[in-house]
Amino acid sequence: MHTIRLATREDIPAILDISNWAALNTPANFAIEPESLQSWQDSYGGTQAMFPWLVACDENGGVIGFAKASPHRGRCAYAWTAETSVYIRPDHHGRGIGTALYNALIPMLKAQGYCTLIAGITLPNPGSERLHTSAGFRRIGAFARVGWKFDRWHDVSYWEMLLGDANAPPGRIRPVREVAGHLQPSPAGS
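To start, this report covers the structure provided alongside it. Computed from a predicted model, the values in this text were never measured in an experiment.

**Thoughts on unusual backbone geometry**
Each neighbour pair has its own omega, and for Leu-123 with Pro-124 the value is -10 degrees, a cis peptide bond. Looking at the secondary structure, you find Pro-124 in the loop between strand E5 (116–122) and helix H4 (126–135). In this model, Phe-150 sits at a positive phi of 55 degrees, which is unusual for a non-glycine residue. Of note, Phe-150 is situated in the loop between strand E6 (138–149) and strand E7 (152–162). The backbone of Asp-151 sits at a positive phi, close to 65 degrees, despite the residue not being glycine. Within the secondary structure, Asp-151 sits in the loop between E6 and E7.

Okay, here's the thing in structure tokens:
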């Protein structure tokens, strides 16, 4: 059994452990060495008000996965596009946790007013491709040889999900706190 909730600053070390494991052991994360806690705390502090960070927790409250959104690009016209990431602790793969995280993240992003979601998947990664397909993303293409890791080149496929009416002008992007609903952070250690 697992629960999904908004991440807190206290969750960042556990989130970083999951991300760093993927960086050190898989090509799915293009970091080539462990990232610093400070860099992830800075990223969280700089984005979590407008881009959701979610965690999946086991029955004891331990973080077993996370999903987050981030800006796709910095220029103003990209304001309605968010990039998504989902990572699961390796001993919890294949248990529906990624699906549960996306089932919470995607409606939040839609309620906030985002119009397009983007995800990148290092190839091959059949599990991530299945997750994104089942969540409603569609593959739109791939870049060849864009990442050098583990002594070889890796291709990255790009996936998109269009939210809302494609012909309507975008509205205001609402802060996470306005749309979080039942996904309130729990106190640290609970």
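**Considering the nonpolar core**
Note that soluble globular proteins tend to have their nonpolar side chains buried in a common cluster. If you look at the biggest cluster of nonpolar residues, it comprises 32 residues, and the most contacted ones within it are Leu-54, Leu-101, Tyr-102, Leu-117 and Phe-137. Mapped onto this core, the elements with two or more residues apiece are strand E1 (3–6), strand E2 (53–57), strand E3 (63–71), strand E4 (81–88), helix H3 (97–112), E5, E7 and helix H5 (176–179). The leading source of residues in this core is H3, at 8 residues.

**A look at the pattern of salt bridges**
This model, assessed by the stated rule, comprises 7 salt bridges. The partner of Arg-138 in a salt bridge is Glu-160, with the nearest N and O atoms 2.7 Å apart. On the criterion of sequence distance, the pair formed by Arg-138 in strand E6 and Glu-160 in strand E7 is long-range, its members being 22 residues apart. For Arg-138, a relative accessible area of 49% puts it in the partly exposed group.

**Concerning the environment of Ile-173**
Here Ile-173 shows up in the loop between E7 and H5. With residues up to four places along the chain from it excluded, the contact list for Ile-173 reads Met-50, Ala-79, Trp-80, Gln-112, Gly-113 and Tyr-114.

**A closer look at the sheet that holds E7**
An order of E1-E2-E3-E4-E5-E7-E6 is seen for the 7 strands of this open sheet, with the pairing classed as mixed. Because the sheet does not close on itself, it has two edges, and the strands there are E1 and E6. Strand-to-strand, the axes of this sheet are offset by a mean angle of 25 degrees, without reference to chain direction. Pairing geometry for E3 and E4, over 7 bridges, is antiparallel. Note on E4: the bridge partner recorded for Ala-67 is Val-86. Set on the sheet, helix H2 (residues 37–47) makes contact with E2 and E3; between it and E2 the angle comes to about 120 degrees.

Basis of the calculations
- Residues numbered from 1 in each chain as written.
- Predicted model: local features only at pLDDT ≥ 70, side-chain atom pairs only at ≥ 80, totals over all residues.
- Heavy atoms only, no water.
- Helix = DSSP H or I, 4+ residues; strand = E, 2+ residues; numbered from the N terminus.
- Core = buried A, V, L, I, M, F, W, Y, C linked by side-chain atoms within 4.5 Å.
- Buried < 20%, exposed > 50% of the residue type's maximum accessible area, 1.4 Å probe, protein only.
- Salt bridge = Lys/Arg side-chain N within 4 Å of Asp/Glu carboxyl O.
- Contact = heavy atoms within 4.5 Å.
- Pairing = 2+ DSSP bridges.
- Axes fitted to C-alpha atoms, helices over the stretch in contact; angles between N-to-C directions.

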